[in-house]
Amino acid sequence: MARKIWEYNRLYDILRYYVDCCTRLQFSKVTMSGLDRIPSSGAVILAPNHVAALMDPLVMLLTGHRSIGFGARSDIFRKPRVARILNWLRILPLARERNGLQEVAKNFETIDDIVDCLRHEVPFCMYSEGRHRAEKGMLPVKKGVFRFARKAAEDLDQPVYVVPVGVDYEYFFRCMGKVTLQVGEPIEVSEYFRTHQDESDADTYKSLCDILHTRVVDLLDSVPERKHNLKPLRFLALLLAFPLWLVFAVLSLPIWLPARIILLRMEDKAWTQTVYFGVRLLLPVCWPFFYVFGWLSNKYVDLINDYR
């Protein structure tokens, strides 16, 4: 029998510290704000934007050492062994409309697990856009997140909140940039449905989707724009640092070379951050070298772009 995703797992809890450390070292700076807006009790559904594949949930885990359940597209659960691993990682399958009605019908099985997760006050994270896109902004919100929230509100004797979260990256296709995470004002879904009983379901869902979309978009564009001045001084400093860059490029080669090879075979470049993270996770001994190499590489790219 599969372990419930809300159940405590000592090994998972220990590994979380290592994974969180690796996530923080993926960026030059991690900034988080509004974490106190996440309700400490009740049923909490976190609804962030989705722009960087698996990197997004890894950043979400940095909101605290509190356990979080996640939803992922159902097709990756087809192999039983993979499904068991994903379940251990607190991930549940969610079918999308494009998967067909037969697959979507399986969501009724998943929703019971999600409600059970929320009943035990373990937050569940759902990406309301239904897919990721490595661009600024946010795609239209799908009503699925509010269907799940409504079911939870009907089954649970406690408030149900959908919490908007904005995750913003300085770079989508490079490592060692800045990342910011901002939490917005929660939407108390149970209360909203009670006060809008006279509306049709279609109108209620549309209103909620618009509210969530607006609140998440307002949380984006939060990474401070870098300065473009002092180009001659930066050029001289980076020229002197070039031998150092070469040394660290060689020392961190076991990380960036396999990552580049993997990415050459992938069409969806939104996985860039995730691929580098995965390789670094396996080679902690190379972390310091890659950190310096990645940081200097960004400085060179930024300077070249400023001179164009």
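Just so it is clear, the structure is predicted and the values come from calculations on it, not from any experiment.

J.: Sorry if this is basic, but what is going on with the packing of aromatic side chains here?
T.: In this description, an aromatic ring pair is defined by two values, namely the gap between the centres and the angle between the planes. This model, assessed by the stated rule, comprises 14 aromatic pairs. Here the aromatic rings of Tyr12 and Trp88 are separated by 5.7 Å at their centres, their planes lie at 75°, and the arrangement is edge-to-face. Taken together, the residues span a long stretch of sequence, with Tyr12 in helix H1 (residues 10–24) and Trp88 in helix H3 (residues 80–88) at a distance of 76 residues. What makes Tyr12 buried here is its relative accessible area of 6%. Centre to centre, the rings of Phe242 and Tyr300 are 6.3 Å apart; their planes meet at 85°, and the pair counts as edge-to-face. Of this pair, Phe242 sits in helix H10 (residues 242–251) while Tyr300 sits in helix H13 (residues 287–307), and the two are 58 residues apart along the sequence. Residue Phe242 is classed as partly exposed on the basis of its relative accessible area of 38%. Judged by its relative accessible area of 17%, Tyr300 falls in the buried class. Over the aromatic face of Tyr12 sits the side chain of Arg90, whose NZ or CZ is 4.2 Å from the ring centroid.

J.: Where do I start with the nonpolar core in this structure?
T.: Nonpolar side chains in soluble globular proteins tend to be buried together. Leu46, Met60, Phe70, Val167 and Tyr169 are the most contacted members of the largest nonpolar core, which has 35 residues in total. The dominant element in this core, judged by the number of residues it contributes, is strand S6 (residues 160–169), at five residues. Residues within four places of Tyr169 in sequence aside, it is in contact with Phe27, Val51, Ala52, Met55, Asp56, Val59, Lys136, Lys178, Val179, Val223 and Gln273.

J.: Hey, could you run me through unusual backbone geometry in this one?
T.: The bulk of non-glycine residues show a negative phi, and the bulk of peptide bonds are trans. The phi torsion at Glu121 lies on the positive side, around 60°, for a residue other than glycine. Tracing the chain through its elements places Glu121 in the loop between helix H5 (107–119) and strand S5 (124–125).

J.: In this structure, what is going on with the side chain of Thr180? I would like to understand it.
T.: Checked against the element boundaries, Thr180 lands in strand S7 (residues 178–183). The exposure class assigned to Thr180 is buried, which follows from its relative accessible area of 7%. Residues within four places of Thr180 in sequence aside, it is in contact with Thr31, Gly166, Val167, Asp168, Ser222 and Val223.

Cut-off values and rules
Residues numbered from 1 in each chain as written. Predicted model: local features only at pLDDT ≥ 70, side-chain atom pairs only at ≥ 80, totals over all residues. Heavy atoms only, no water. Phe/Tyr/Trp six-rings, centres within 6.5 Å; stacked < 30°, edge-to-face > 60°. Helix = DSSP H or I, 4+ residues; strand = E, 2+ residues; numbered from the N terminus. Buried < 20%, exposed > 50% of the residue type's maximum accessible area, 1.4 Å probe, protein only. Lys NZ or Arg CZ within 6 Å of the ring centre and 35° of its normal. Core = buried A, V, L, I, M, F, W, Y, C linked by side-chain atoms within 4.5 Å. Contact = heavy atoms within 4.5 Å.

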